[in-house]
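Fold and geometry: a report
As a plain string of letters, each chain reads:
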Amino acid sequence: MAGCGGVLLQSGPVVGAFPPWLAALFPEGVVSYALGGLFIGLGVAVIYLGTGITAGASTFLETTLSYASRLPRFNRRTYLASRDWRLTFTLGIVLGAAVYALTIGPGGWTTSVQPWRLLVGGVLVGIGTRVGKGCTSGHGVCGVGSLSGTSIVNVATFLVVAAGTAQVVMALGVVP
Amino acid sequence: MSDGTEPDGRGARFHGLILIGGLLFGFGLGVSRMARPEVVLDFLQFQDFGLLFVMGGAAAVSAVTFTLGADVFRGTAPLTGRAYGRRVKGLDRNVLVGGTVFGVGWGLSGICPGAAYASLGVGNWPVLWAIGGMFLGAYTQGYARSVLARRQGMEGTVGAD
């Protein structure tokens, strides 16, 4: 099965048909990306068809604070009602990625992005996703899939800001 | 019902289905390589645009599924009785402010919530820094908004949210 991950990353079948200027934008091909996106969408679809829920990943962060905090904001009815399935969903995400890593994936790995970037970035992601009502899955997948103007505005905003931020960080010579 | 106020504990079938959905979702995040911060940063630095296919592919599957539910089946979901609808939220200043703060964080770290959980499953333990940060950020904004709402309440203006 190990070769399968390699096949997924080949730029061959799809990008091979692209003109060179376009192929240059996809040095790792598009197959693994598109296939991954389809699986993510399939996960959303299974949950939606069975339960009517449009599942996003970030509300987990705020609803589960109700297990540890008495702050009324984290103990709203909607949060108390959804926190346990959000825990199950997150557990599924962790296990699903583990299955990938151990089957067709490259096995385990760790990032070399510096801890301070992960921590500070994480704090801002935690604030931003809760203030902005969603994240890359809630707005980016479910919201855009719903053709919600709000989600499209949110996604456009964070894509532009994130690209700008990453460019500035790179220009400042922060690697990795 | 679609406001999500149903009580907890819908039983094993409900949680089993959510778990299967999560497994597919996490497997997809692995396959798409979005769980790797370096790949996300390459995208944001315009070195590899493959991530467009991740979000595009996932949103396309969602769009077809939601159209099936909301426009074709119309009824209610079997496991919850919840009406099939779409994910529509109001557009206000918070959506822009939150999107901007999220963008700075995503651009700095290359990590978003779903990808962070998946990354943990791959054994990428340093991502705990990011997950810890996300909980801290979520708590901080909730605490700050509670204090603000209380203050506004004392002045006789509108409450939270």
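Residues numbered from 1 in each chain as written. Chains lettered and ligands numbered in written order. Predicted model: local features only at pLDDT ≥ 70, side-chain atom pairs only at ≥ 80, totals over all residues.

1. As for the overall build of chain B
Scanning chain B for helices and strands turns up six helices and zero strands. Starting at the N terminus and ending at the C terminus, chain B contains elements arranged as α-α-α-α-α-α. Overall size of chain B, expressed as C-alpha extent along the three principal axes, is 50 × 40 × 30 Å. Residue burial in chain B is summarised as follows: out of 161 residues, 52% are buried. Contacts spanning at least 24 positions in sequence make up 45% of the contacts within chain B whose residues lie at least 6 apart. (Helix = DSSP H or I, 4+ residues; strand = E, 2+ residues; numbered from the N terminus. Buried ≥ 20, exposed ≤ 12 C-beta atoms within 10 Å, placed from the backbone. Contact = placed C-beta atoms within 7 Å.)

2. Side note on the overall build of chain A
Assigned secondary structure in chain A consists of nine helices and zero strands. Listing the helices and strands of chain A from first to last along the sequence gives α-α-α-α-α-α-α-α-α. Seen through its principal axes, chain A has C-alpha atoms that stretch 55 × 45 × 35 Å. Each of the 176 residues in chain A was classed as buried or not, and the buried ones make up 54%. A separation threshold of at least 6 residues defines the contact pool for chain A, and within that pool the share at least 24 residues apart is 40%.

3. Comments concerning the packing of helix H8 (residues 138-145) of chain A against helix H9 (residues 149-171) of chain A
Residues and elements named next belong to chain A. At a minimum axis distance of 8 Å, the contact between H8 and H9 shows a crossing angle of 145°. Here H8 runs over H9; the crossing is left-handed. Across the interface between the two elements, His139, Gly140, Gly143 and Val144 of H8 pack against Thr150, Ser151, Ile152, Asn154 and Val155 of H9. (Axes fitted to C-alpha atoms, helices over the stretch in contact; angles between N-to-C directions. Left-handed = near helix turned anticlockwise from the far one by under 90°.)

4. Things to note about the interface of chain A and chain B
With 112 residues of chain A in contact, the opposing surface of chain B contributes 115 residues. Elements supplying a minimum of two residues to the side of chain A that touches chain B: helix H4 (31-51), helix H5 (59-63), helix H6 (77-102), helix H7 (115-131), H8 and H9 of chain A. Residue contributions to the side of chain A that touches chain B peak at 21 residues, all from H6(A).

5. Focus: helix H3 (residues 51-73) of chain B
Over its 23 residues, H3(B) extends 32 Å from the first C-alpha to the last, a length consistent with the 33 Å expected when each residue adds 1.5 Å. Among all positions of H3(B), only Leu51(B), Phe53(B), Val54(B), Met55(B), Gly57(B), Ala58(B), Ala59(B), Val61(B), Ser62(B), Thr65(B), Phe66(B) and Gly69(B) are buried. Its buried side turned inward, H3(B) meets H4 and H8 of chain A together with helix H2 (37-44) of chain B. (Expected span 1.5 Å × (residues − 1).)

6. Some thoughts on the packing of H4(A) against H3(B)
Here H4(A) crosses H3(B) at 30°, and the two axes come no closer than 7 Å. It follows from the interaxial angle that H4(A) and H3(B) lie roughly parallel. The chirality of how H4(A) crosses H3(B) is right-handed. Looking at the contact of H4(A) with H3(B), its residues break down into 17 nonpolar, eight polar and no charged. (Parallel < 35°, antiparallel > 145°, perpendicular 65-115°, else oblique. Nonpolar A, V, L, I, M, F, W, Y, C, P; charged D, E, K, R; others polar.)

7. Regarding the confidence of the model for chain A
Detail in the predicted coordinates should be disregarded across regions flagged by low pLDDT. Residues and elements named next belong to chain A. Looking at chain A as a whole, its pLDDT mean stands at 92, while 93% of the residues score no less than 70. Looking across chain A, the model is least confident in helix H1 (residues 2-9), with a mean pLDDT of 45, and most confident in H7, with 98. With pLDDT under 50 throughout, residues 1-7 is counted as low confidence; its partners more than four residues away or in other chains account for six contacts. (pLDDT = per-residue confidence, 0-100.)

8. Here's the deal with the confidence of the model for chain B
Residue and element names in this part refer to chain B. Mean pLDDT for chain B: 91, with 91% of residues reaching 70 or above. The low-confidence segment residues 157-161, where pLDDT is below 50, has eight contacts with residues more than four positions distant or belonging to other chains. Across the whole predicted complex the pTM is 0.93, and at the interface the ipTM reaches 0.93.

9. Here's the deal with unusual backbone geometry
Most peptide bonds adopt trans geometry, and most residues besides glycine take a negative phi value. Note that the residue after Val175(A), namely Pro176(A), is joined by a cis bond; omega there is -5°. In the Ramachandran plot, Leu147(A) falls in the positive-phi region, its phi being about 50° despite a non-glycine side chain. Tracing the backbone shows Leu147(A) in the loop between H8 and H9. One non-glycine residue, Arg33(B), lies in positive phi territory at about 65°. Inspection of the secondary structure assignment puts Arg33(B) in the loop between helix H1 (12-31) and H2.

10. What about the environment of Thr111(A)?
Mapped onto the secondary structure, Thr111(A) falls in the loop between H6 and H7. Expressed as a C-alpha distance, the spacing of Thr111(A) and Glu28(A), which sit 83 residues apart in the sequence, is 18 Å. For Thr111(A), the residues in contact, after removing those within four places along its chain, are Arg36(B), Pro37(B), Glu38(B), Asn124(B), Pro126(B) and Val127(B).

11. Some details on the environment of Ala35(B)
With respect to the helices, strands and loops of the structure, Ala35(B) is situated in the loop between H1 and H2. With near-sequence residues (within four places) excluded, Ala35(B) lies in contact with Ala97(A), Leu29(B), Gly30(B), Ala115(B), Ala118(B), Ser119(B) and Val122(B).

12. A closer look at the environment of Leu49(A)
Relative to the elements of secondary structure, Leu49(A) occurs in helix H4. Once residues within four sequence positions are removed from consideration, Leu49(A) is found in contact with Thr65(B) and Gly69(B).

13. A few points about H6(A)
Its 26 residues place the ends of H6(A) 39 Å apart at the C-alpha level, agreeing with the 38 Å of an ideal helix rising 1.5 Å per residue. At Arg83(A), H6(A) shows its maximal kink, close to 40°. (Bend = angle between axes of the 7 residues up to and from the residue.)

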